[in-house]
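# Structure assessment
These are the residues of each chain, in order.
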Amino acid sequence: MTRIAAVHGVLAPHRHTQREITDLVARMCLPPGADRRVLDRLHTNAQVRTRHVVLPLERYCELDGLGAANDVFIGAAVDLGAEAVRGALRTAGLRPTDVDLLMFTSVTGVAAPSIDARLVGRLGLRPDVKRLPVFGLGCVAGAAGVARLHDYLLGWPDHVAVLLSVELCSLTFQRDDATPANLVATGLFGDGAAAVVAVGDRRATTAGPEVVATRSRMYPDTERVMGWDIRSSGFKVVLDPAVPDVVRQYLADDVHGFLQEHGLKPKDVAHWVCHPGGPKVLEAVSDVLSLPEGALDVTWRSLAAVGNLSSSSVLHVLRDTLEQKRPEPGTPGLLMAIGPGFCCELVLLRW
């Protein structure tokens, strides 16, 4: 048994309405005097009301290339990451010296030494703490990270493992790029972080959901559905309009098969902890799984309030589920996310 002892989410310091960010994108990405009706429509259709970004809006027009954006990423990721881990440990009633494994994930910046290494001294972690920096999983990494903590704790049941996700998506927005993919991304993604504290069977004395089982799934011929093209200008988004179609094609069979192995059907799942990949993705998830009305309400509220935080998003939804829904003991939940690969990660929870 692995138990999730705490989840703590934090957001970047500058909060703006969707209209304010749309106006910034029009200045950054569209040619002077260009018709912005397509941009306005795409940003409206994202159904995001507000987002948090790591820099004041006027600073984004000053960023010049990958190096400048990545320098901002490193400094801000350390600050937000420290806040997220401290908050999660405090909620779990644990000390930094209790941590045996720190896994760090991001897909919006790179660093060597990695962000987790930079946090060891700042947080007061033990010098023998195990570290695992992960890059490239993208939006799926929140769910995949929880699953990999579970794998680790099965082998080390007396240990404490922490997953930290920091995603500063606004630093990847491409200047002078009016392609549909960039305009969609600039209307959907925001900046934030989250930390999860998980404990093994011999330390599982705190409240929180148990991880029952996990499932990873890669889909064929989908490498160019989602990801990055790395350019001197930074991370140029790859975002195929077919993402909801891939979800509709594959997700139902994966979820049904996974649940069936544990004697469950979708109607038995009391809590759906779903990554807010965007309105069309959420509609596809709800349709193919025949979810009841309101099943994804926590996810929809997160999308509207902060946008898509890449790998941090599903962890914010998990935190909100724990705080808002107060699940009954013994009820099952399913945490799920999709990401580059194209892939899906499923984590079966029991409260």
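Residues numbered from 1 in each chain as written. Predicted model: local features only at pLDDT ≥ 70, side-chain atom pairs only at ≥ 80, totals over all residues. Heavy atoms only, no water.

The name an unreviewed UniProt entry gives the protein is Type III polyketide synthase, with Streptomyces lunaelactis as the organism. Here is the UniProt Sequence similarities (unreviewed entry) comment for the protein, exactly as written: "Belongs to the thiolase-like superfamily. Chalcone/stilbene synthases family." (UniProt positions renumbered as here; feature names shortened; annotations may be inferred.)

## Remarks on the packing of helix H2 (residues 37–45) against helix H7 (residues 180–188)
Between H2 and H7, whose axes approach to 8 Å, the crossing angle comes to 45°. Compared by their axis directions, H2 and H7 come out oblique. When the axes of H2 and H7 are compared, the crossing they make is right-handed. Each of Leu39, Leu42 and His43 in H2 lies in contact with H7, whose residues at this interface are Pro180, Leu183, Val184, Thr186 and Gly187. Of the residues that constitute the contact of H2 with H7, the class distribution is five nonpolar, three polar and no charged. (Axes fitted to C-alpha atoms, helices over the stretch in contact; angles between N-to-C directions. Helix = DSSP H or I, 4+ residues; strand = E, 2+ residues; numbered from the N terminus. Parallel < 35°, antiparallel > 145°, perpendicular 65-115°, else oblique. Left-handed = near helix turned anticlockwise from the far one by under 90°. Contact = heavy atoms within 4.5 Å. Nonpolar A, V, L, I, M, F, W, Y, C, P; charged D, E, K, R; others polar.)

## Side note on the environment of Leu282
Structurally, Leu282 can be placed in helix H9 (residues 279–288). Look at Leu282 and you get buried, because its relative accessible area is 0%. In this structure, the C-alpha to C-alpha distance between Leu282 and Ala147, residues 135 residues apart in sequence, is 22 Å. Discounting residues that sit within four places of it in the chain, Leu282 has contacts with Cys274, His275, Pro276, Gly277, Leu296, Thr299, Trp300 and Leu303. (Buried < 20%, exposed > 50% of the residue type's maximum accessible area, 1.4 Å probe, protein only.)

## Here we look at the pattern of salt bridges
This model, assessed by the stated rule, comprises 23 salt bridges. Note that Arg36 is salt-bridged to Asp23, the shortest N-O span being 2.9 Å. Of this pair, Arg36 sits in the loop between helix H1 (18–29) and H2 while Asp23 sits in helix H1, and the two are 13 residues apart along the sequence. A relative accessible area of 25% means that Arg36 is categorised as partly exposed. The partner of Arg95 in a salt bridge is Asp98, with the nearest N and O atoms 3.3 Å apart. Judged by its relative accessible area of 13%, Asp98 is buried. Overlapping salt bridges bring together Arg19, Asp23, Arg36 and Asp40 as one network. (Salt bridge = Lys/Arg side-chain N within 4 Å of Asp/Glu carboxyl O.)

## Points about helix H11 (residues 313–324)
With twelve residues, H11 extends 16 Å from end C-alpha to end C-alpha; this agrees with the ideal 16 Å at 1.5 Å per step. Of all twelve residues in H11, nine are buried, a share of seventy percent or more. Among the residues making up H11, those that are buried are Ser313, Val314, Leu315, His316, Val317, Leu318, Arg319, Asp320 and Thr321. (Expected span 1.5 Å × (residues − 1).)

## What about the domain arrangement of the protein?
When the domains of the protein are assigned, the result is domain 1 (3–203) and domain 2 (210–350). Placing a centre on the C-alpha atoms of domain 1 and another on those of domain 2 gives a separation of 17 Å. Taking both partners together, domain 1 and domain 2 bury about 3900 Å²; carbon and sulfur atoms supply 65% of that area. Of all residues in domain 1, the largest losses of buried area upon contact with domain 2 belong to Leu66, Cys139 and Gln174, amounting jointly to 15% of the total for that side. (Domains from an automatic or database assignment. Buried area = accessible area lost by both parts, 1.4 Å probe.)

## Focus on the state of the cysteines
A full pass over the atoms with the stated rule returns zero disulfides. The thiol of Cys274 is unpaired, and the distance to the nearest cysteine sulfur, on Cys344, comes to 8.9 Å. Residue classification places Cys274 among the buried positions, given a relative accessible area of 4%. Accessibility expressed as a relative area gives 3% for Cys344, which makes it buried. (Disulfide = S-S within 2.5 Å.)

## Focus on the pairing of strand S13 (residues 343–350)
The element S13 is largely enclosed, with a buried count of seven among its eight residues. Examined bridge by bridge, strand S8 (residues 210–218) and S13 share eight bridges and lie antiparallel to one another. Bridging from a neighbouring strand, Ala213 pairs with Leu348 of S13. In the sheet, strand S12 (residues 332–339) pairs with S13 via eight bridges, with the strands oriented antiparallel. Within S13, the residue paired with Leu334 across the bridge is Leu348. Linking S12 to S13, which pair antiparallel, is a turn of three residues; within it Gly341 sits at a positive phi near 150°. (Pairing = 2+ DSSP bridges.)

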